[in-house]
Amino acid sequence: MDIQEEYRKRNKSRHVTLFGEIGELFRYLDDRASNKELHKLFREGGRPVDETRIQLILGALFDAFFYDRRTEIVREASIGNGKVDFLFHRADDPEEKVLIEVKRASSISYLKHGFEKQLVSYLLSSRYRHAFYLIACFTDEEYERIRRFISENIYTDEVQVYVNIRVLDLRERPTASAL
């Protein structure tokens, strides 16, 4: 317990692992998108931005969150025969490595391929064991489709890894005055 407490002090976090810290960041983003106006950053001219723009915005948020936390974040890192969207690691702890792959919720077949083939391939070739599959939803239809996708794809038996599927709920919300 003393070691865990010292780790938390050094990392300015209540989590012991990098995976836990990234999970904390996603909970924060969920709250800001649902209860504040974060979802507006992901729209341009009232329309959802493309996947590249989502990655740029998330990259800036990741950098801000992990500033001064001994964490290196690499965008579009070459792994195996492709590029994963984000690679997180701590140089002083070789076990502290996490991959993040980001997708828009526009196509289930695209999402299924990204989850079952692309992300698993990155995990196998990098020998990382932890990953997040982050799916950006912009409409109620996409949100419901993704909920079904998650219930059908909660694990892969190709490799023993831990992949956490997270939804970035970027649906438009009514303003308080419109409620």
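Nothing here was measured: the structure is a model prediction, and the numbers come from that model. Residue indices begin from 1 for each chain and proceed along its sequence in written order. Two thresholds apply to this predicted model, a pLDDT of at least 70 for residue-level local features and 80 or more for giving and counting side-chain atom pairs, whereas whole-chain, interface and lining totals are computed over all residues. The side-chain figures draw on all heavy atoms in the structure; neither hydrogens nor water molecules are used.

Draft legend 1. Main features of helix α5 (residues 140-152). For α5, with 13 residues, the first-to-last C-alpha span of 19 Å sits near the 18 Å given by 1.5 Å per residue. Three or more residues of α5 are buried, namely E142, Y143, R145, I146, F149 and I150. Along the long axis of α5, the arc covered by the buried residues comes to 165 degrees, so they all point the same way. Every exposed residue of α5 that faces more than 90 degrees away from the buried side is listed here: D140, E141, S151 and E152. What counts as a helix is a DSSP run of H or I of at least four residues, what counts as a strand is a run of E of at least two, and both are numbered from the N terminus. Under the convention used throughout, the expected extent of a helix is 1.5 Å for every residue step, that is, one less than its residue count. Each residue's exposure class comes from its accessible area (1.4 Å probe, protein chains only) as a fraction of the maximum for that residue type: buried when under 20%, exposed when over 50%, partly exposed otherwise. Each direction from the helix axis to a C-beta atom contributes to the arc, which is the arc of those directions.

Draft legend 2. Focus on the side chain of Q118. Within the secondary structure layout, Q118 lies in helix α4 (residues 108-126). Residue class for Q118 comes out buried when judged on its relative accessible area of 18%. By the criterion applied in these results, polar contacts are pairs of N or O atoms within 3.5 Å in which, for protein atoms, one can donate a hydrogen and the other can accept it, and in which residues neighboring in sequence qualify only through two side-chain atoms. One polar contact links Q118 to K103, side chain to side chain, over a distance of 3.0 Å. Contacts are residue-level and defined by heavy atoms, with any inter-residue pair within 4.5 Å sufficient. Filtering out sequence-adjacent residues up to four positions away, Q118 remains in contact with E101, K103 and H113.

Draft legend 3. The packing of helix α2 (residues 18-35) against helix α3 (residues 51-65), seen in detail. For the pair α2 and α3, the least separation of the axes is 11 Å and the interaxial angle reads 120 degrees. Considered as vectors, α2 and α3 are oriented oblique to each other. Like other packed secondary-structure pairs, α2 and α3 cross with a definite hand, here right-handed. Of the residues in α3, those touching α2 at E21, E24, L25, F26 and L29 are L58, L61, F62 and F65. Polar here means any residue outside two lists: the nonpolar Ala, Val, Leu, Ile, Met, Phe, Trp, Tyr, Cys and Pro, and the charged Asp, Glu, Lys and Arg; Gly therefore counts as polar. Per-class residue counts for the contact of α2 with α3 are seven nonpolar, no polar and two charged. Only the stretch in contact is used when fitting a helix axis, every axis being a line fitted to C-alpha atoms; angles between N-to-C directions are given from 0 to 180 degrees. Each angle gets one of four labels, with under 35 degrees taken as roughly parallel, over 145 as roughly antiparallel, 65 to 115 as roughly perpendicular, and the rest as oblique. Crossings are assigned a handedness: left-handed for a near helix turned anticlockwise from the far helix by less than a right angle, right-handed for a clockwise turn.

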